[in-house]
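# Coordinate analysis (summary)
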Amino acid sequence: MKNVGGRAAVAVAESGLAERGLPRDELWALLDEARRDDYAWRDGRVPSLLYYAGEDVLEVAQQAYLRFFSENALSPKAFPSLKRLETEILSIAAGLFHGANAVGNLTSGGTESNLLAVKTARDWARAQRPEVQRPVIVAPRTAHPSFSRGAQYFGLEVVRTPVDADWRADVKALRAAVTDDTVLIVGSAPGYTHGVIDPIPELASIAAERGLPCHVDACVGGFFLPFREQLGRATPPFDFRVPGVTSISADLHKFGYTAKGASIVLYRDAELHRYQPFDFDDWPCARYTVPTLTGTRSGGAVAAAWAVLRYLGAQGYRELAERTLALTEAYVAGINRIPGLSVVGEPPMGCFGYTSDTLDMAAVADGLEDQGYYVGRMAEPPGIHLTITPLLEPFVDRYLQDLAAVAERVAQGRLVDQGREARYG
Ligand SMILES: *Cc1c(COP(=O)(O)O)cnc(C)c1O
């Protein structure tokens, strides 16, 4: 039996579930054994994928999660507590994004939030643009794969448009791609790859002129950029203050620093949101109505998100944003000082890539991997992606030293591309 869904085919025990259960100490030993080959994230070896704001924040999320571990957010009737917490989370998000009449839902993650935006646009078009035969999403090619995924799942097409030299959506090209079949325009704030914010006002105005929805994917930026702005730093507009923006996705489990399994999708008002729910009334059990894509959902993720938001407050998030920005500046300046390496653009937050005109970046990535780092390989331009959170504060100097040493070996031809796989994730 092979685990063919996994990245590497893992042999699974032939014998199925063992007859006898194991005592707890053996279980914990086996779990610790299972993570033996994981990268040492607490030692700063995973500069992406994890969002960490300190032991206290982690503990708040864990404690809150455990309190609602068994509750099922599928049923607001059984657990009005979770409905109340979700409503509070959404109203906090509506405040951050200046959506006075915003409505939305908590989801399991950015992918689900974006899939819902796609599904909602499709059903909006079915109702409001019945003449559209082949619904099309127009998105810069830097947009997250979840939009193409949603298009595949829900029977739409995506036209992915070019970006400028600075990796922001080329507004003219995007405008030219919009046709009578377009049902959704997407922009990112920022896109994950380069951390670059698309010209959201221009994209939203193209949508508004045509009476189309415009979704802003703020999955990685949504719980960072508002606090950056509150710190007085000039921050490109992306939220509901921008006319024409009709929905926003933002991940709580990224720079919201909560437990994985929490994101939001928020609509400017109820007008568009009403196309999101699924409602089915021909099941022998009962009428089945759910607003999101999942069924059973852990109450833990809801409680953890609520708890971390309330634990940190705006002041806590601003302080974390300030530290993260200072740390990002240290990484960016340090990388730019290494001969041959340069950060792509001027990232407004701790999510960016670096590249080289002279060095083989696949070889640099291999060299970092050999030093024990998990490396997020970037395809365009060839390079490496970093996500900076306070977890990395103690490790910035070591990373820069290790990177400089690896870059020097690549420059001298002592380290070459090993031909390793460069798939995301
Ligand atoms: C992370 C991310 C997503 C996907 O979110 P998941 O929580 O991984 O499903 C979508 N868009 C952007 C810009 C992201 O950074």
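The structure contained in this document is the topic of the report that follows. (Residues numbered from 1 in each chain as written. Predicted model: local features only at pLDDT ≥ 70, side-chain atom pairs only at ≥ 80, totals over all residues. Heavy atoms only, no water.)

Further remarks concern the pattern of salt bridges. In total, this model carries 30 salt bridges according to the counting rule given. Two residues, Arg 134 and Glu 157, come together in a salt bridge whose shortest N-O distance is 2.6 Å. With Arg 134 in the loop between α4 (110-128) and β4 (136-140) and Glu 157 in strand β5 (residues 157-161), this residue pair connects regions lying 23 residues apart in the sequence. By relative accessible area, Arg 134 is classed as partly exposed at 44%. Given a relative accessible area of 36%, Glu 157 falls into the partly exposed group. Taking the shortest distance from any N to any O, the salt bridge between Asp 181 and Arg 134 comes out at 3.4 Å. On the criterion of sequence distance, the pair formed by Asp 181 in the loop between α6 (171-177) and β6 (182-188) and Arg 134 in the loop between α4 and β4 is long-range, its members being 47 residues apart. It is possible to trace a salt-bridge network through shared partners that takes in Asp 366, Glu 369, Asp 370, Arg 377 and Arg 420. (Salt bridge = Lys/Arg side-chain N within 4 Å of Asp/Glu carboxyl O. Helix = DSSP H or I, 4+ residues; strand = E, 2+ residues; numbered from the N terminus. Buried < 20%, exposed > 50% of the residue type's maximum accessible area, 1.4 Å probe, protein only.)

A few words on the packing of helix α3 (residues 80-96) against helix α10 (residues 299-337). Look at α3 against α10: their axes get within 9 Å of each other, and the N-to-C directions meet at 45°. In this view, α3 runs oblique relative to α10, as classed from their interaxial angle. Between α3 and α10 the crossing geometry is left-handed. On α10, the residues that touch Leu 82, Leu 85, Glu 86, Glu 88, Ile 89 and Ile 92 of α3 are Gly 299, Val 302, Ala 303, Ala 305, Trp 306, Leu 309 and Arg 310. Residues that form the contact of α3 with α10 fall into these classes: 9 nonpolar, 1 polar and 3 charged. (Axes fitted to C-alpha atoms, helices over the stretch in contact; angles between N-to-C directions. Parallel < 35°, antiparallel > 145°, perpendicular 65-115°, else oblique. Left-handed = near helix turned anticlockwise from the far one by under 90°. Contact = heavy atoms within 4.5 Å. Nonpolar A, V, L, I, M, F, W, Y, C, P; charged D, E, K, R; others polar.)

Strand order across the open sheet formed by 4 strands is β12-β13-β15-β14, with antiparallel pairing between neighbours. Across the chains shown, the open sheet's two edge strands, defined by having one partner strand only, are β12 (341-343) and β14 (376-378). Strand-to-strand twist of the sheet, defined as the mean angle between neighbouring strand axes without regard to direction, takes the value 35°. Examined bridge by bridge, β14 and strand β15 (residues 383-387) share 3 bridges and lie antiparallel to one another. Bridged to Met 378 within β15 is Gly 383. With respect to the sheet, helix α11 (residues 361-370) is in contact with β12, β13 (351-356), β14 and β15, its orientation differing from that of β15 by roughly 50°. (Pairing = 2+ DSSP bridges.)

Of all residues adjacent to the ligand, which total 13 residues, the nearest are Gly 110, Thr 111, Asp 217, His 253 and Lys 254. His 253 places a side-chain nitrogen or oxygen 2.8 Å from an oxygen atom of the ligand. Side-chain polar atom of Lys 254 to an oxygen atom of the ligand: 2.9 Å apart, as the coordinates give it. Broken down by element, the residue count for the shell around the ligand peaks at 3 residues, all from α4. A class-by-class count of the residues in the shell around the ligand yields 4 nonpolar, 6 polar and 3 charged. (Near = heavy atom within 4 Å. Polar contact = N/O pair within 3.5 Å; in protein donor to acceptor, adjacent residues only side chain to side chain.)

Let's shift gears to the side chain of Asn 114. Locating Asn 114 in the fold gives a position in helix α4. For Asn 114, a relative accessible area of 1% puts it in the buried group. At a separation of 2.7 Å, a polar atom in the side chain of Asn 114 contacts the side chain of Ser 249. Apart from residues lying up to four places away in sequence, Asn 114 is in contact with His 144, Ser 146, Phe 147, His 215, Asp 217, Cys 219 and Ser 249.

What follows concerns the packing of aromatic side chains. With the rule as written, the count across this model stands at 17 aromatic pairs. With a centroid separation of 6.2 Å and an interplanar angle of 20°, the aromatic rings of Phe 278 and Phe 280 are classed as stacked. Under the relative-accessibility criterion, Phe 278 is labelled partly exposed at 43%. Put simply, the rings of Tyr 51, Phe 224, Phe 227, Phe 255, Tyr 257 and Tyr 317 touch in pairs and so form one group of aromatic residues. Positioned over the ring face of Tyr 373 is Arg 45, at 4.7 Å from the centre of the ring. (Phe/Tyr/Trp six-rings, centres within 6.5 Å; stacked < 30°, edge-to-face > 60°. Lys NZ or Arg CZ within 6 Å of the ring centre and 35° of its normal.)

Let us now look at the sheet that holds β5. Spatially, β3-β9-β8-β7-β6-β4-β5 is the arrangement adopted by the 7 strands of the open sheet, whose pairing is mixed. Each edge of the sheet is formed by a strand with only one pairing partner; in this case those strands are β3 (103-107) and β5. Strand-to-strand twist of the sheet, defined as the mean angle between neighbouring strand axes without regard to direction, takes the value 20°. Across 3 bridges, strand β7 (residues 214-217) lies against strand β8 (residues 247-251) in parallel orientation. Bridge pairing in β8 links His 215 to Ser 247. Running over the sheet, helix α7 (residues 200-210) touches β6 and β7 and is turned about 170° from β6.

Once that is clear, we can look at the nonpolar core. Counting residues in hydrophobic clusters, the biggest one holds 90 residues, and the most contacted among them are Phe 97, Leu 252, Tyr 257, Ile 264 and Leu 266. A per-element tally of this core places α10 first, with 12 residues. When residues no more than four places from it in sequence are discounted, the contact partners of Leu 266 are Leu 90, Ala 93, Ala 94, Phe 97, Ala 102, Val 103, Gly 104, Phe 240, Thr 246, Ser 247 and Ile 248. With 31 residues, the next largest nonpolar core counts Leu 341, Ile 388, Tyr 399 and Leu 403 among its residues. (Core = buried A, V, L, I, M, F, W, Y, C linked by side-chain atoms within 4.5 Å.)

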